[in-house]
Amino acid sequence: EPEVTQTPSHQVTQMGQEVILRCVPISNHLYFYWYRQILGQKVEFLVSFYNNEISEKSEIFDDQFSVERPDGSNFTLKIRSTKLEDSAMYFCASSPFSSRGNGYTFGSGTRLTVV
Amino acid sequence: TQLLEQSPQFLSIQEGENLTVYCNSSSVFSSLQWYRQEPGEGPVLLVTVVTGGEVKKLKRLTFQFGDARKDSSLHITAAQTGDTGLYLCAGGYQGGSEKLVFGKGTKLTVNP
């Protein structure tokens, strides 16, 4: 069964450092998303990406965050200067159609620990 | 801000029992999705419901979307130990948004 692949599975970084989280969505999917889940809390929307541009972002997704689809297969989330509160599980997801009426396929996540 | 409240937060039952978990909101959603999440893993989609009053069945799991599209329920018949996990509901915003809003989940434990 097709799956969304995320790397690395676990990333430890020092506060203030830049991190790039990588995702390979399902190949024929058109909509891509990043969500995060702080330990013990809800899964929260960060950003959606369609047709090579951000279609929607949350208030969490400030200037420190950026997304890119550099080569037609990878989908990356960059955090420019990490803060302690960025520690969370980050999930990439993709969908063949608009999420309205369709579900996502999530990756297994990257656990980001900022120290 | 649209919120989804899930209840109960924790549920521990014996194998063979039936159970229902709930997902409620004061807001109307364009769709409602149920996911199951294992520790350290991403959510896995179980079902999507889009029409008010819609009922979908997945083996022993029955999902219902409320008539007003504000609430949903998940009923499990004859629970098995393999049903143990965190069940999340997620609502799709109306008006063209791609965003899903998630509930905190119901942590189900099925004891042998």
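In this report, we go over the structure that sits alongside the text. Treat the numbers as computed from the prediction; the structure is a model and nothing was measured.

**Things to note about the overall build of chain A**
- A count of helices and strands for chain A gives 0 helices and 11 strands.
- With the principal axes as the frame, chain A shows a C-alpha extent of 35 × 25 × 25 Å.
- Buried positions account for 46% of the 115 residues belonging to chain A.
- Within chain A, residue pairs in contact and separated by at least 24 positions form 54% of the contacts whose partners lie at least 6 positions apart.
- For chain A, the accessible surface area stands at approximately 5,700 Å², while carbon and sulfur atoms represent 45% of it.
- Separation of charge centres in chain A, based on 10 positive and 13 negative side chains, amounts to 1 Å.

**Section: the sheet that holds strand 7 (residues 65-68) of chain A**
All names here are of chain A.
- The 4 strands lie next to each other as 1-3-8-7, forming an open sheet whose pairing is antiparallel. In this open sheet, the two strands that pair with only one neighbour each are strand 1 (5-7) and strand 7. Direction aside, the axes of adjacent strands within the sheet are offset by 20 degrees on average.
- In terms of strand pairing, strand 3 (residues 19-24) meets strand 8 (residues 75-79) through 5 bridges, oriented antiparallel. Among the inter-strand pairings, L21 is bridged to a residue of strand 8, identified as L77.

**Points about the interface of chain A and chain B**
- Listed per partner, the contact involves 23 residues of chain A and 24 residues of chain B.
- Taking both sides of the interface into account, the surface hidden between chain A and chain B amounts to around 1,900 Å²; carbon and sulfur atoms contribute 51%.
- Counting every contact that joins chain A to chain B gives 0 salt bridges.
- Taken together, the links from chain A to chain B amount to 5 residue pairs in polar contact (both at pLDDT 80 or more).
- Going through the elements one at a time, strand 4 (31-37), strand 5 (43-50), strand 6 (53-57) and strand 9 (88-95) of chain A are the ones with two or more residues in the side of chain A that touches chain B.

**So, the sheet that holds strand 3 (residues 19-24) of chain B**
Residues and elements named next belong to chain B.
- Overall, antiparallel pairing links the 5 strands, which are arranged 1-3-8-7-6 in an open sheet. Edge positions in the sheet fall to strand 1 (5-7) and strand 6 (55-58), since each of these pairs with one other strand and no more. For this sheet the average axis-to-axis angle between neighbouring strands, irrespective of direction, equals 15 degrees.
- Pairing geometry for strand 3 and strand 8 (residues 71-76), over 6 bridges, is antiparallel. Bridge pairing links Y22 to S73 in strand 8.

**Brief notes about the pairing of strand 3 of chain A**
All names here are of chain A.
- Only one face of strand 3 is covered, namely the one carrying V19, L21 and C23; the face carrying I20, R22 and V24 has none of its residues buried.
- Alignment of strand 1 against strand 3, held across 3 bridges, turns out to be antiparallel. The residue of strand 3 that forms the bridge with T5 is V24.

Calculation notes
- Residues numbered from 1 in each chain as written.
- Chains lettered and ligands numbered in written order.
- Predicted model: local features only at pLDDT ≥ 70, side-chain atom pairs only at ≥ 80, totals over all residues.
- Heavy atoms only, no water.
- Helix = DSSP H or I, 4+ residues; strand = E, 2+ residues; numbered from the N terminus.
- Buried < 20%, exposed > 50% of the residue type's maximum accessible area, 1.4 Å probe, protein only.
- Contact = heavy atoms within 4.5 Å.
- Areas by Shrake-Rupley, 256 points an atom, 1.4 Å probe, with all protein chains shown as cover.
- Lys, Arg positive; Asp, Glu negative; His and termini not counted.
- Charge placed at Lys NZ, Arg CZ, Asp CG, Glu CD.
- Pairing = 2+ DSSP bridges.
- Axes fitted to C-alpha atoms, helices over the stretch in contact; angles between N-to-C directions.
- Buried area = accessible area lost by both parts, 1.4 Å probe.
- Salt bridge = Lys/Arg side-chain N within 4 Å of Asp/Glu carboxyl O.
- Polar contact = N/O pair within 3.5 Å; in protein donor to acceptor, adjacent residues only side chain to side chain.

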